[in-house]
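Here is how the chains run, residue by residue.
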Amino acid sequence: NPALSKIGAQMSHLTGVRAIMKDIVETLRAGKGQEFINLSAGNPVILPEVEQLWRDCTADLLASHATCSTWGDPKTAVASEYGEVVCRYGASQGYQPFIEAVRDDFNRRYGLNLSNNNILITPGSQSIYFYAANAFGGYTADGSQLKKIVLPLSPDYTGYGGVTLVPEALIAYKPTLDIDEKANRFKYRPDFSQLAIDENTGCVIFSRPCNPTGNVLTQEEVEKIAALAAPYNVPVLVDSAYAPPYPALNFTDMTPIMGENIIHCISLSKAGLPGERIGIAIGDPEMIQVLECFQTNMCIHSPRYGQAIATRAIASGALGDIAETVIRPHYQQKFTVVENTLDQAMPKDLPWCLHRGEGAIFSWLWLPELPMTDWEFYQELKQVGVIVVPGSSFFPGLREDWPHTQQCIRISLTATDEELTTGMQRLAKVAAEVHQKV
Ligand code: PLP
């Protein structure tokens, strides 16, 4: 084996949920004959209407000839748009027609005044967090200061655990809990009495709606975080992988929030294109420029086929429509199945709390008196053929010892109604059994 550098050793480990996914894949493989209800998936469901949209956009791209001056000389018509996007290199910032489609759509929807300089296209949104974490976080040029990557509310997206080349720079904050005991519901809120954003902060990142909890930080909370960061020119990355206008996986009212130090980050992965890797960063041109240079060094530019078909879906309005009429209702209905089944099946004398389902494609269950770890509970559920994700993988950067981190599980809403119903009924039974064991 080759000797690894410090960074090499760090980056060649699987972090967070990716490590558990390995166990899940092995369980599914070993369990031939045993039917598992897999409620662990982060991969979105292939919805027929959504796939059809991408097929139609592909057909349109294949049929197109060089009629647009952006990609060829219309007089000679030698280059088709397909040839231009697939057979040639492009600009690091992204495919111009795509940037323009996003710019116009956001300006129209939200009354903004974005120009092309405000936008960067990346190969998936995960790469935006990687660029930002390492461009704004880590040791300063003279080595005198460690700039922190702040996650203001833990739990949050497990992928943030692997984005920095300087792991000691990542710091997450314990939230406060709004608990409605009677209803068995709760909601996390940022704990502003603890949250430190100051001259030692490099950047701030959080997902809204949140993977894994389905939480949507309120407009006031986001504005407060941005205001804390503004005096230090600290970029605040709002990970909007589930937000409107696409994929619009919000079940509560929310609008994208723009601001001088806010980098609004979009992903088309949950709008049906995870395989095409499309991320979009929208923000101040100087910050966007930093990320663009990082991208040029890393991978030159994002692939362009996906951008070309997404241009069509966004410019025609079809993507925004399908997000609201197909994608959102699909997952919202799944959340209803989970909460209704748990309400019926969970033992009355057992303390349990489901996070309010405000968006995303997961539900998040907290068992405050779980007499074992989340990992052990996950193993118990495997015994009855149900696979969830133990919650402890969703607290990257949290340094404090907090029992809560081992009392939660993530349930994916990508399963069928039947699977979710049966899965939650079995879970309720196992929960009752393990609580009685003590
Ligand atoms: N952010 C959140 C909150 C996610 O849940 C995911 C993927 O699941 C990502 C970012 C990464 O998405 P992408 O496919 O755009 O890299």
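The structure we're discussing is the one just above.
Quantities reported herein were computed from a predicted structural model and do not represent experimental measurements. (Residues numbered from 1 in each chain as written. Predicted model: local features only at pLDDT ≥ 70, side-chain atom pairs only at ≥ 80, totals over all residues. Heavy atoms only, no water.)

Peer 1: What am I meant to see in the packing of helix α3 (residues 48-63) against helix α9 (residues 305-315) here?
Peer 2: What describes two packed helices is the angle between their axes and the distance between those same axes. The N-to-C vectors of α3 and α9 enclose an angle of 105°; their axes lie 9 Å apart at closest approach. Judged by the angle between their axes, α3 and α9 are roughly perpendicular. Seen from α3, the contacting residues are Leu53, Trp54, Cys57, Thr58, Asp60 and Leu61; seen from α9, they are Tyr305, Ala308, Ile309, Ala310, Arg312 and Ala313. The class makeup of the residues in the contact of α3 with α9 is nine nonpolar, one polar and two charged. (Axes fitted to C-alpha atoms, helices over the stretch in contact; angles between N-to-C directions. Helix = DSSP H or I, 4+ residues; strand = E, 2+ residues; numbered from the N terminus. Parallel < 35°, antiparallel > 145°, perpendicular 65-115°, else oblique. Contact = heavy atoms within 4.5 Å. Nonpolar A, V, L, I, M, F, W, Y, C, P; charged D, E, K, R; others polar.)

Peer 1: Help me understand the environment of Ala308 in this model?
Peer 2: Tracing the backbone through its elements, the reader meets Ala308 in helix α9. Note on Ala308: relative accessible area 0%, which makes it buried. Each C-alpha atom of the pair Ala308 and Gly357 lies 34 Å from the other, and the pair is 49 residues apart in sequence. (Buried < 20%, exposed > 50% of the residue type's maximum accessible area, 1.4 Å probe, protein only.)

Peer 1: In this structure, what is going on with the sheet that holds strand β6 (residues 176-180)? I would like to understand it.
Peer 2: Hydrogen bonds between backbone groups are what pair the strands of a sheet, and the pairing can be parallel or antiparallel. The strand order across the open sheet formed by six strands is β6-β7-β12-β13-β16-β15, and the pairing between neighbours is mixed. Here the strands that pair on one side only, and so sit at the sheet edges, are β6 and β15 (389-390). Relative to strand β7 (residues 185-189), β6 runs antiparallel, the two being bridged by five bridges. Paired with Thr176 across the strands is Arg189, a residue of β7. (Pairing = 2+ DSSP bridges.)

Peer 1: Teacher, can you tell me more about the packing of aromatic side chains here?
Peer 2: For any two aromatic rings, the description comes down to two numbers: the centre-to-centre distance and the angle of the planes. Inspection of every chain in the model, using the stated rule, returns 11 aromatic pairs. Ring-pair connections join several aromatic residues into one group, and the members of that group are Trp364, Phe394, Phe395 and Trp402. Of note, Lys224 hangs over the ring of Phe192, and the distance from its end group to the ring centre comes to 4.4 Å. Seen from the ring of Phe362, Arg410 lies directly overhead, with NZ or CZ sitting 3.8 Å from the centre. (Phe/Tyr/Trp six-rings, centres within 6.5 Å; stacked < 30°, edge-to-face > 60°. Lys NZ or Arg CZ within 6 Å of the ring centre and 35° of its normal.)

Peer 1: For this particular structure, what's the right way to read the pattern of salt bridges?
Peer 2: If the charged atoms of two oppositely charged side chains come close together, the side chains can form a pair. Under the criterion given, the structure shown has 16 salt bridges. Residue Arg189 is joined to Asp178 by a salt bridge in which the shortest nitrogen-to-oxygen separation is 2.8 Å. A residue pair is termed long-range when its members are at least 10 positions apart, and Arg189 in strand β7 and Asp178 in strand β6 qualify at 11 residues. In this structure, the salt-bridge partner of Arg185 is Glu339, at a minimum N-O distance of 3.1 Å. Here Arg185 is found in strand β7, whereas its partner Glu339 is found in helix α10 (residues 318-345), with 154 residues between them in sequence. By the burial criterion, Arg185 is buried, and Glu339 matches it. (Salt bridge = Lys/Arg side-chain N within 4 Å of Asp/Glu carboxyl O.)

Remember that the coordinates give geometry; whether it matters functionally is a separate question.
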